[in-house]
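Survey of secondary and tertiary structure
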Amino acid sequence: MLTSEGKNRLYLFFTGFILIQVFFLLFSESTVGYGGMENIFLYRNARFLFQHPEFLFEKHPFYILLSAPFSQFGYLPAKAFNIMLAVFTLLLSARIVNRLYPGGELFAFIFIAFSPAFFQLSASCLPDILFGFLLVFSIWLFISKRFLFSALVISFIPFVLPQGFLVLLFFAMVFILNRSYRFAPFLLSGTGLFSIAGLIATGDFLWFLKFFQDNLRENQRLFQFAQSIPFTLGIPLTILAIAGLISQGFETLKKNSFPNEDS
């Protein structure tokens, strides 16, 4: 656990991150900000979602749905929604590290908060921060043994970014290794709900198939995240992430499965 001095340092960095993001939010000279016109496009869809429900099915539907209430108050509140998600993501990340590797919270916070993409995307209208929040929140629920809620939360991640289906496959593997088989079907909950919504709005129950095909073609490659990791995370964090994955992979192979006290 962190010492009193360590907690004070964590709170100091945390406060600094919020103040810097608020400063950029209020005083940035750029109208569109990081991400270019994509910010304006997604803000428009969220802002007028209630007048034009079809906007939900154009791009990043789950992000549009959650950001719509904030977008009713203007462009800055819409970007503030992302800052709020970034704050929650950092808090949950610190809790996860405290649970798994006590004493490493400050180190993890600094590397996540000030990684190039996370820092710039926090004050934007782009869906990447929500993607990260859902991932971290689901991991937190999983290690807290709330397997059902973990599966329900992560089930919506493909509707934030289409590459999220790769995350679903990873979680399915984790549930199988954990021998929590009965929770794996709930990974399709988000797809089921959005399929019903699409059936009601467009008359097409399987609308998401063409939706994901078009979005992945626009991004040109399914593994876009993996190929851009050195930029999104930065070289130091990329090296640490690879080392951690290799180490965890060997541990998993040794144990064959994660221990499940509830099974």
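Here, every reference points to the structure presented above.
First, a word on what this report is: a plain description of the structure on this page. (Residues numbered from 1 in each chain as written. Predicted model: local features only at pLDDT ≥ 70, side-chain atom pairs only at ≥ 80, totals over all residues. Heavy atoms only, no water.)

**Thoughts on unusual backbone geometry**
Of note, His60 is a non-glycine position whose phi angle comes to about 50°, a positive value. Unlike most non-glycine residues, Arg179 shows phi in positive territory, near 60°. Counting through the fold element by element, Arg179 comes out in the loop between helix H9 (164-177) and helix H10 (189-202). (Helix = DSSP H or I, 4+ residues; strand = E, 2+ residues; numbered from the N terminus.)

**Section: the nonpolar core**
Nonpolar side chains in soluble globular proteins tend to be buried together. Phe17, Phe62, Leu130, Leu134 and Phe175 are the most contacted members of the largest nonpolar core, which has 65 residues in total. Of all the elements, helix H4 (residues 75-100) adds the most residues to this core, at 10 residues. (Core = buried A, V, L, I, M, F, W, Y, C linked by side-chain atoms within 4.5 Å. Buried < 20%, exposed > 50% of the residue type's maximum accessible area, 1.4 Å probe, protein only.)

**Topic: the packing of helix H7 (residues 128-143) against helix H8 (residues 147-154)**
Packed helices, taken two at a time, are described by their axes: the angle between them and the distance between them. Interhelical geometry of H7 versus H8 gives an angle of 170° and a closest axis separation of 8 Å. By the angle between their directions, the pair H7 and H8 is classed as roughly antiparallel. Every pair of crossing elements has a handedness; the one defined by H7 and H8 is left-handed. Every residue of H8 that contacts H7 at Leu134, Leu135, Phe137, Ser138, Leu141 and Phe142 is listed here: Phe147, Phe149, Ser150, Val153 and Ile154. When its residues are assigned to classes, the contact of H7 with H8 shows nine nonpolar, two polar and no charged. (Axes fitted to C-alpha atoms, helices over the stretch in contact; angles between N-to-C directions. Parallel < 35°, antiparallel > 145°, perpendicular 65-115°, else oblique. Left-handed = near helix turned anticlockwise from the far one by under 90°. Contact = heavy atoms within 4.5 Å. Nonpolar A, V, L, I, M, F, W, Y, C, P; charged D, E, K, R; others polar.)

**Digging into the pattern of salt bridges**
Considering all chains together, one arrives at two salt bridges under this definition. When the shortest N-O distance is used, the salt bridge between Lys59 and Glu38 registers 3.3 Å. Of the two residues, Lys59 is situated in the loop between helix H2 (37-47) and helix H3 (61-71) and Glu38 in helix H2; the sequence distance between them amounts to 21 residues. Residue Lys59 is classed as buried on the basis of its relative accessible area of 12%. Overall, Glu38 belongs to the partly exposed group, its relative accessible area being 23%. (Salt bridge = Lys/Arg side-chain N within 4 Å of Asp/Glu carboxyl O.)

**Observations regarding the side chain of Lys79**
Mapping Lys79 onto the fold places it in helix H4. Sequence-distant contacts of Lys79, that is, excluding residues within four places in its chain, are made with Leu25, Ser122, Ala123, Ser124 and Cys125.

**Topic: a nonpolar patch on the surface**
Where nonpolar side chains cluster on the molecular surface, the patch consists of Ile196, Leu199, Ile200, Phe205, Leu206 and Leu209 and spans about 590 Å² of accessible area. When residues of the nonpolar patch are assigned to their parent elements, the largest contribution, three residues, is made by H10. For Ile200, the location among the structural elements is in helix H10. (Patch = residues over 30% accessible without salt bridge, like charges linked within 9 Å, V, L, I, M, F, W, Y side chains within 5 Å. Areas by Shrake-Rupley, 256 points an atom, 1.4 Å probe, with all protein chains shown as cover.)

**Section: H10**
Taking 1.5 Å per residue as the helical rise, H10 with its 14 residues ought to reach 20 Å, and the 20 Å between its terminal C-alpha atoms agrees with that figure. Along H10, the residues classified as buried are Ser189, Gly190, Thr191, Phe194, Ser195 and Gly198. Phi turns positive, to about 80°, at Gly203, one or two residues after H10. (Expected span 1.5 Å × (residues − 1).)

**Structural notes on the packing of aromatic side chains**
For any two aromatic rings, the description comes down to two numbers: the centre-to-centre distance and the angle of the planes. In the structure shown here, the tally under the stated rule is 21 aromatic pairs. Ring centres of Phe107 and Phe111 lie 4.6 Å apart, and the angle between their planes is 45°; this geometry places the pair in the tilted category. Of this pair, Phe107 and Phe111 are both found in helix H5 (residues 105-113), four residues apart, which corresponds to roughly one turn of the helix. Given the relative accessible area of 24%, Phe111 is considered partly exposed. Summarising the aromatic geometry, the rings of Phe170 and Phe171 are spaced 6.1 Å apart at their centres and angled 80° between planes, so their arrangement reads as edge-to-face. A relative accessible area of 47% means that Phe170 is categorised as partly exposed. Every member of this aromatic cluster is reached through a ring pair, and the members are Phe57, Phe62, Phe156, Phe159, Phe194 and Trp207. It is Arg44 that lies over the ring of Phe55; its NZ or CZ is 4.3 Å from the centre. Above the plane of the ring of Phe48 lies Arg47, whose end atom (NZ or CZ) is 5.1 Å from the centre. (Phe/Tyr/Trp six-rings, centres within 6.5 Å; stacked < 30°, edge-to-face > 60°. Lys NZ or Arg CZ within 6 Å of the ring centre and 35° of its normal.)

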